[in-house]
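Residue-level structure breakdown
The chain contents come next:
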Amino acid sequence: MLRTNILLLIIVLVSFLSCTVRAKVSYDGRSFIINGQRKILISGSIHYPRSTPEMWPDLIQKAKDGGLDVIQTYVFWNVHEPSPGRYNFEGRGDIVRFLKLVKAAGLYAHLRIGPYICAEWNFGGFPVWLKYVPGMEFRTDNGPFKAAMQGFVTKIVNLMKSENLFEPQGGPIIMSQIENEYGPVEWEIGAPGKAYTKWAAQMAVAQNTGVPWVMCKQDDAPDPVVSNSFYHLFFCPFFSEFIRVI
């Protein structure tokens, strides 16, 4: 009986600690809350594939010296999955190395997975092979697209988890983004767009990252995903993209 009670106590304590860890990053109408402390954060973009790994430490340090708290980056699908199921995370695509350098500099990270990124990048970051998947329709309530998108998002999230890169794990990532500037597209295509937005939000939240998700340029994101209706302005007025470093 005593052993049973001790075992139950351990289970309760582990559950409690797990819940505590998962709640490290949150937000309300006033600010981000990290480890119980309100934060006013200034963010800037460094897109890792646009420079060499040798350049990253200097770029990150310059961002920090310029007063930034958060480095945000898109995740480039066509860099990481150039052909179906064959992944690349080396060289300019070494996102793990990049994020560990962000942490080493004492900065936070905002991981904008998308996977549509725009970013003045070919095909919005989509790999060209997607175009040739039978029945493919991009960024709408379409089975082939949603399957491919979920596969990539899950791959990236699991990679981040395996490297302990989310803030509840001790990493720098305090927020992730799903989709990108989709609000006008949703408005244009109507019901299929709304269904896709709802699906994308639910899929992202189900990844259980322990950090908030945001939708950029989205007036009414499904709860608990954070709506952001401003272009390149996040959590106005207390979290903003202040400057692009590269």
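Residues numbered from 1 in each chain as written. Predicted model: local features only at pLDDT ≥ 70, side-chain atom pairs only at ≥ 80, totals over all residues. Heavy atoms only, no water.

**A word on the overall build of the protein**
Summing up its helical and strand segments, the protein has 7 helices and 10 strands in all. Within the span of the protein, comprising 246 residues, buried residues form 47% of the whole. Of all intrachain contacts in the protein linking residues separated by at least 6 positions in sequence, the fraction that spans at least 24 positions is 71%. With the model as given, the accessible surface of the protein reaches about 12000 Å², and the carbon-plus-sulfur share is 58%. (Helix = DSSP H or I, 4+ residues; strand = E, 2+ residues; numbered from the N terminus. Buried < 20%, exposed > 50% of the residue type's maximum accessible area, 1.4 Å probe, protein only. Contact = heavy atoms within 4.5 Å. Areas by Shrake-Rupley, 256 points an atom, 1.4 Å probe, with all protein chains shown as cover.)

**Quick notes on the layout of surface pockets**
When its volume is computed, the largest pocket comes out at roughly 200 Å³. What lines the largest pocket is a set of 12 residues, among which V205, G210, V211, P212 and W213 lie closest to the centre. Tallied by class, the residues present in the lining of the largest pocket amount to 7 nonpolar, 4 polar and 1 charged. (1 Å grid on protein atoms, 1.4 Å probe; cavity = no way out; pocket = protein on both sides within 12 Å on 5 of 7 lines; lining within 4 Å. Points joined across faces, edges and corners; volume = space filled by probe spheres on them. Nonpolar A, V, L, I, M, F, W, Y, C, P; charged D, E, K, R; others polar.)

**Focus on the packing of aromatic side chains**
For the structure shown, the criterion picks out 18 aromatic pairs. Ring centres of F123 and F138 lie 5.7 Å apart, and the angle between their planes is 75°; this geometry places the pair in the edge-to-face category. A residue pair is termed long-range when its members are at least 10 positions apart, and F123 in the loop between β6 (108-114) and α5 (143-162) and F138 in the loop between β6 and α5 qualify at 15 residues. Residue class for F138 comes out partly exposed when judged on its relative accessible area of 30%. Taken together, the ring pairs in this structure connect W77, Y116, F123, F126, W129, F138, F145, F152, Y182, Y196 and W199 into an aromatic cluster. Stacked on the ring of Y116, the Lys or Arg R139 has its end atom at 3.8 Å from the ring centre. Over the face of the ring belonging to Y87 we find K155, whose NZ or CZ atom lies 4.6 Å from the ring centre. (Phe/Tyr/Trp six-rings, centres within 6.5 Å; stacked < 30°, edge-to-face > 60°. Lys NZ or Arg CZ within 6 Å of the ring centre and 35° of its normal.)

**Some details on the pairing of β6**
Within β6, 6 of the 7 residues are buried, which leaves it mostly tucked inside the rest of the structure. Sheet topology places β6 next to strand β7 (residues 173-178); 5 bridges connect them, and they run parallel. Along β7, the bridge assignment pairs H110 with M175. Once you follow β6 into α5 and on to β7, the crossover reads as right-handed. (Pairing = 2+ DSSP bridges. Right-handed = clockwise from strand over helix to strand, strands pointing away.)

**Side note on the nonpolar core**
Judged by nonpolar contacts, the single largest core of 63 residues is most densely connected at F98, L99, L111, I113, M149, M160 and I178. The leading source of residues in this core is α5, at 9 residues. In contact with L99, other than residues within four places in its own chain, are A109, L111, M160, L165, P172 and I173. (Core = buried A, V, L, I, M, F, W, Y, C linked by side-chain atoms within 4.5 Å.)

**Some remarks on a nonpolar patch on the surface**
Judged by side-chain polarity, F123, V128, Y132 and F138 come together as a nonpolar surface patch covering roughly 420 Å² of accessible area. Judged by its relative accessible area of 61%, Y132 is exposed. (Patch = residues over 30% accessible without salt bridge, like charges linked within 9 Å, V, L, I, M, F, W, Y side chains within 5 Å. Salt bridge = Lys/Arg side-chain N within 4 Å of Asp/Glu carboxyl O.)

**A word on the sheet that holds strand β2 (residues 32-34)**
Taking strand neighbours across the sheet as the criterion, the 3 strands line up as β1-β2-β3 in an open arrangement whose pairing is antiparallel. Strands at the two margins of the open sheet, each flanked by one partner only, are β1 (25-27) and β3 (37-39). For this sheet, the mean inter-axis angle between neighbouring strands, taken without regard to orientation, is 35°. Summarising the sheet, β2 and β3 pair through 3 bridges and their orientation is antiparallel. Bridged to F32 within β3 is K39. (Axes fitted to C-alpha atoms, helices over the stretch in contact; angles between N-to-C directions.)

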